[in-house]
Amino acid sequence: MSARTASRTPMVRFLYGVAAALLTVSLALVAIGFLPSWTDDAVSLTAGSATDEVTLTVARPRTGATDVAIRLTPRRGGRSGRPPAITLQAVMPTHGHATPPAHARVHGPGSYSTAVHVMMPGRWTFHVSVDYGTRSDQFDFPLAISG
C-alpha cells in the first residue's frame, strides 16, 4: 500500500461516518414529521369570572378540524332554568384570521361541545361567549396551534 493510499483511508472512513450520521438524523426527522395525529395530547385551559369557571379542552391543538369541550361550573351552587347559550370563535389576532362563531351543543348541566377548523399554525385566542339572556360573559383562552 502506498503512503498516499494509506493517508486517505482515515479520511474516507470519516466521510462515511459523517454520511451515516446525516442519514440517521434525516430519517429520524422525517419519521417525527409523519407521526400519527393520535400522539397529539388534548389541552385544557381554565378561566373564570365572579360567577362562573369555564374549562376549555381542545382535543387536537393542530391545524385542521378539532373538537372542543366546554365545561361551565357556577361558583355558587347550581343554576335552575334554561342553560346559557355558548358560542366559540377562534381568532388569530396577528394575522387577522378568525373562524366563524360555532354554537356549542348542550350535553348535560354545564357540559357543552363544538368543533372549529383552525387554518394555520401559530398563536390563537379561543373566545368563549356565555349568554344567559339577561347578561353575557366572555372568556379568552390563548393557545398555540402547531402544524
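Residues numbered from 1 in each chain as written. Predicted model: local features only at pLDDT ≥ 70, side-chain atom pairs only at ≥ 80, totals over all residues. Heavy atoms only, no water.

### A short note on the overall build of the protein
Looking only at helices and strands, the protein has 1 helix and 10 strands in total. Tracing the protein from N to C terminus, the helices and strands come up as α-β-β-β-β-β-β-β-β-β-β. Counting over 147 residues, the protein shows a buried share of 26%. Looking at the protein alone, contacts between residues at least 24 apart form 50% of all its contacts between residues at least 6 apart. For the protein, the accessible area works out to roughly 9,500 Å², and carbon and sulfur atoms hold 61% of it. (Helix = DSSP H or I, 4+ residues; strand = E, 2+ residues; numbered from the N terminus. Buried < 20%, exposed > 50% of the residue type's maximum accessible area, 1.4 Å probe, protein only. Contact = heavy atoms within 4.5 Å. Areas by Shrake-Rupley, 256 points an atom, 1.4 Å probe, with all protein chains shown as cover.)

### Quick notes on the pattern of salt bridges
Using the criterion set out here, one finds 1 salt bridge in the structure. Its salt-bridge partner being Arg135, residue Asp137 comes within 2.7 Å of it at the nearest N-O pair. A relative accessible area of 18% means that Asp137 is categorised as buried. On the basis of relative accessible area, Arg135 is assigned to the partly exposed category, the value being 33%. (Salt bridge = Lys/Arg side-chain N within 4 Å of Asp/Glu carboxyl O.)

### Description of the sheet that holds strand β1 (residues 43-48)
Sheet architecture is open: 5 strands sit in the order β1-β2-β3-β8-β7, paired in antiparallel fashion. Strand pairing shows two members of the sheet lacking a second neighbour, β1 and β7 (105-108), which therefore form its edges. Here the strands of the sheet are splayed against their neighbours by 25° on average, with no regard to which way each runs. Strand direction decides the pairing type here: β7 and strand β8 (residues 111-118), joined by 3 bridges, are antiparallel. Paired with Val106 across the strands is Tyr112, a residue of β8. (Pairing = 2+ DSSP bridges. Axes fitted to C-alpha atoms, helices over the stretch in contact; angles between N-to-C directions.)

### Quick look at a nonpolar patch on the surface
A cluster of nonpolar side chains, namely Met11, Phe14, Leu15, Val18 and Leu22, defines an oily patch on the protein surface of about 500 Å² accessible area. When you line up the elements, Met11 lands in helix α1 (residues 3-33). We classify Met11 as partly exposed; its relative accessible area is 49%. (Patch = residues over 30% accessible without salt bridge, like charges linked within 9 Å, V, L, I, M, F, W, Y side chains within 5 Å.)

### Remarks on the confidence of the model for the protein
Of the residues in the protein, 84% reach a pLDDT of 70 or more, and the chain-wide mean stands at 84. Of all the helices and strands in the protein, α1 carries the lowest mean pLDDT, 71, while strand β6 (residues 102-103) carries the highest, 96. (pLDDT = per-residue confidence, 0-100.)

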